[in-house]
Amino acid sequence: MAERSLRGMSIGAKSLESDANVDFAARTEVAYVCPRGHRTILPFAEGADFPSEWECRCGATAHREDDKDADADEITKPTRTHWDMLLERRSEDELKALLEKRLEMHRDGWIPDYE
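For clarity, every value in this text was computed on a predicted model and none was experimentally measured.

Novice: An account of the overall build of the protein chain is needed here, citing residue identities and associated values.
Specialist: In terms of regular secondary structure, the protein chain is built from 3 helices and 4 strands. When each of the 115 residues of the protein chain is scored for burial, the buried share is 12%. For the protein chain, the exposed area adds up to about 10,900 Å²; of that, 50% sits on carbon and sulfur atoms.

Novice: Report on the packing of aromatic side chains, specifying residues and quantitative values.
Specialist: By the definition in use, this model includes 3 aromatic pairs. With 5.4 Å between their ring centres and 55 degrees between their planes, Phe 44 and Phe 50 make a pair best called tilted. On the accessibility criterion, Phe 44 (15% relative accessible area) is buried. The partly exposed category is assigned to Phe 50, whose relative accessible area is 28%. In this structure an aromatic cluster arises from ring pairing among Tyr 32, Phe 44, Phe 50 and Trp 54.

Novice: Break down the packing of helix α2 (residues 82-89) against helix α3 (residues 92-107) for me, citing the residues and quoting the values.
Specialist: Where α2 contacts α3, the two axes come as close as 8 Å, and the packing angle between them is 100 degrees. Taken together, α2 and α3 sit at an angle that is classed as roughly perpendicular. Where α2 approaches α3, its residues Trp 83, Leu 86, Leu 87 and Arg 89 are matched on the opposing element by Glu 92, Glu 94 and Leu 95. Among the residues forming the contact of α2 with α3, the class breakdown is 4 nonpolar, no polar and 3 charged.

Novice: Please give an account of the pairing of strand β4 (residues 61-64) that cites residues and values.
Specialist: Within a regular strand, the side chains alternate between the two sheet faces. Here strand β1 (residues 27-33) runs beside β4; their pairing, made up of 2 bridges, is antiparallel. Within the sheet, the bridge partner assigned to Tyr 32 lies in β4 and is Arg 64. Where strand β3 (residues 53-55) meets β4, 3 bridges bridge the pair, whose relative direction is antiparallel. Each bridged residue has a counterpart across the sheet, and for Glu 53 the counterpart in β4 is His 63. Linking β3 to β4, which pair antiparallel, is a turn of 5 residues; within it Gly 59 sits at a positive phi near 100 degrees.

Novice: Account for the sheet that holds β3, naming residues and giving values.
Specialist: Read from one edge to the other, the open sheet built from 4 strands follows the order β2-β1-β4-β3, with strand pairing classed as antiparallel. Each end of this open sheet is capped by a strand with a single partner; those strands are β2 (39-45) and β3. Looking at each pair of strands side by side, their axes are set apart by 40 degrees on average, direction ignored.

Novice: Can you tell me about the nonpolar core, naming the residues and giving the values?
Specialist: Ranked by size, the top nonpolar core spans 8 residues in total: Val 30, Tyr 32, Cys 34, Leu 42, Phe 44, Cys 56, Ala 60 and Ala 62. Elements with a minimum of two residues in this core: β1 and β2. Apart from residues no more than four positions distant in its own chain, Cys 56 is found in contact with Cys 34, His 38 and Ala 62.

Calculation notes
Residues numbered from 1 in each chain as written. Predicted model: local features only at pLDDT ≥ 70, side-chain atom pairs only at ≥ 80, totals over all residues. Heavy atoms only, no water. Helix = DSSP H or I, 4+ residues; strand = E, 2+ residues; numbered from the N terminus. Buried < 20%, exposed > 50% of the residue type's maximum accessible area, 1.4 Å probe, protein only. Areas by Shrake-Rupley, 256 points an atom, 1.4 Å probe, with all protein chains shown as cover. Phe/Tyr/Trp six-rings, centres within 6.5 Å; stacked < 30°, edge-to-face > 60°. Axes fitted to C-alpha atoms, helices over the stretch in contact; angles between N-to-C directions. Parallel < 35°, antiparallel > 145°, perpendicular 65-115°, else oblique. Contact = heavy atoms within 4.5 Å. Nonpolar A, V, L, I, M, F, W, Y, C, P; charged D, E, K, R; others polar. Pairing = 2+ DSSP bridges. Core = buried A, V, L, I, M, F, W, Y, C linked by side-chain atoms within 4.5 Å.

Structure below.
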């Protein structure tokens, strides 16, 4: 039985193929930088469309390193807050009166009936 074993060879541990005459697919490396300064380099296939944003390892949105002017061209609207939307429906005087009414109801111990 010992005569049939392959000595000195770990079967499956090493490939018997070589890298000779192997052409790897062409790659392009694209660098992304997040606002915290983390730099990530990713390989993409040659000719592929690269995303302009990538999620950084810290969770922030990273932008391509060569896209410095991308944000400058973009016109962004200011974010509407809850207060802005509230002021579109009511004036500050109406809101003060409503707040005073609700506080008075709270002081009197009013309990809403939701049945």
